[in-house]
Amino acid sequence: MAFPQLKLDNQLCFRLYTAARLVTASYTPYFKEFGITYPQYLVLMLLWEQDNRIISEITERLNLETNTVTPLLQRMEKQGLIVRQKSQADSRQRIISLTGEGKRLEEKMKNVPNCLAQKIVDNGISVDELQKLMPILDKFICAITNVNNRWCYFLTDYVSPSKDISDNFVFAGLRYA
């Protein structure tokens, strides 16, 4: 191969893509019981944390575009999980609120994250490793969010690395010196 940086095994992006796809697929059996999808689950978790959110809060927090979230919310409304209402403060904004059914799902789904985490632990990743992974991923998400000129919601105190990439940095299996 002429360019080892193009070898699939050297790609961080491939590992992240594969992990994200497999995590989403692992949730699917749990969600089928409730008739929801992974993106709908993310919206529900936000609303369980704080109900009555404007659409822009949801899109920003999930790092998704409005044209992705709007059809998702429309489907959730048809399913009876949420209601969309005009804001009294600004009629251009829509307030997203949980219905009784959306609220009841919180209780029904409370063990889903632990079930999946336990399956991961049962397959060789320790709880300690999972806990260490979260801040690393948060920092990575903030860094890549900044690359894309978007606000990062994971770390409010994130500071960009002071070292240049050329300072003995290993990325994608290659050492940059």
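Residues numbered from 1 in each chain as written. Predicted model: local features only at pLDDT ≥ 70, side-chain atom pairs only at ≥ 80, totals over all residues. Heavy atoms only, no water.

Enquirer: I'm lost on the packing of aromatic side chains in this one. Help?
Expert: Centre-to-centre distance and the angle between the planes together describe a pair of aromatic rings. Counted under the stated rule, the structure contains seven aromatic pairs. Each ring, one from F31 and one from Y41, has its centre 4.7 Å from the other, and the planes form 45 degrees; the classification is tilted. With a gap of 10 residues between them, F31 in helix 1 (residues 12-34) and Y41 in helix 2 (residues 38-49) connect regions that are remote in the sequence. A relative accessible area of 2% places F31 in the buried class. Members of the aromatic cluster, joined through ring pairs, are Y27, F31, Y38, Y41 and W48. (Phe/Tyr/Trp six-rings, centres within 6.5 Å; stacked < 30°, edge-to-face > 60°. Helix = DSSP H or I, 4+ residues; strand = E, 2+ residues; numbered from the N terminus. Buried < 20%, exposed > 50% of the residue type's maximum accessible area, 1.4 Å probe, protein only.)

Enquirer: Any chance you could explain a nonpolar patch on the surface here in plain terms?
Expert: A surface patch of nonpolar side chains, about 400 Å² in accessible area, is lined by M1, F3 and L6. Judged by its relative accessible area of 60%, L6 falls in the exposed class. (Patch = residues over 30% accessible without salt bridge, like charges linked within 9 Å, V, L, I, M, F, W, Y side chains within 5 Å. Areas by Shrake-Rupley, 256 points an atom, 1.4 Å probe, with all protein chains shown as cover. Salt bridge = Lys/Arg side-chain N within 4 Å of Asp/Glu carboxyl O.)

Enquirer: Just to check I follow, could you spell out the packing of helix 1 against helix 6 (residues 112-122) for this structure?
Expert: The geometry of a pair of packed helices is captured by two quantities: the angle between their axes and the separation between those axes. Across the interface, helix 1 lies against helix 6 with an axial gap of 11 Å and an inter-helix angle of 130 degrees. As summarised for this structure, helix 1 and helix 6 are arranged oblique, according to the angle between their axes. Crossing of helix 1 over helix 6 shows right-handed handedness. Here V23, S26, Y27, Y30 and F31 of helix 1 lie close against helix 6, whose contacting residues are V112, P113, C115, L116 and K119. Taken together, the residues that form the contact of helix 1 with helix 6 break down as eight nonpolar, one polar and one charged. (Axes fitted to C-alpha atoms, helices over the stretch in contact; angles between N-to-C directions. Parallel < 35°, antiparallel > 145°, perpendicular 65-115°, else oblique. Left-handed = near helix turned anticlockwise from the far one by under 90°. Contact = heavy atoms within 4.5 Å. Nonpolar A, V, L, I, M, F, W, Y, C, P; charged D, E, K, R; others polar.)

Enquirer: Explanation requested: unusual backbone geometry in the structure shown.
Expert: Of note, N52 is a non-glycine position whose phi angle comes to about 60 degrees, a positive value. As for its position among the elements, N52 is in the loop between helix 2 and strand 1 (53-54). Owing to a relative accessible area of 45%, N52 belongs among the partly exposed residues under this scheme. A positive phi angle is found at N63, which is not glycine, with a value near 55 degrees. For N63, the position within the fold is in the loop between helix 3 (55-62) and helix 4 (66-78).

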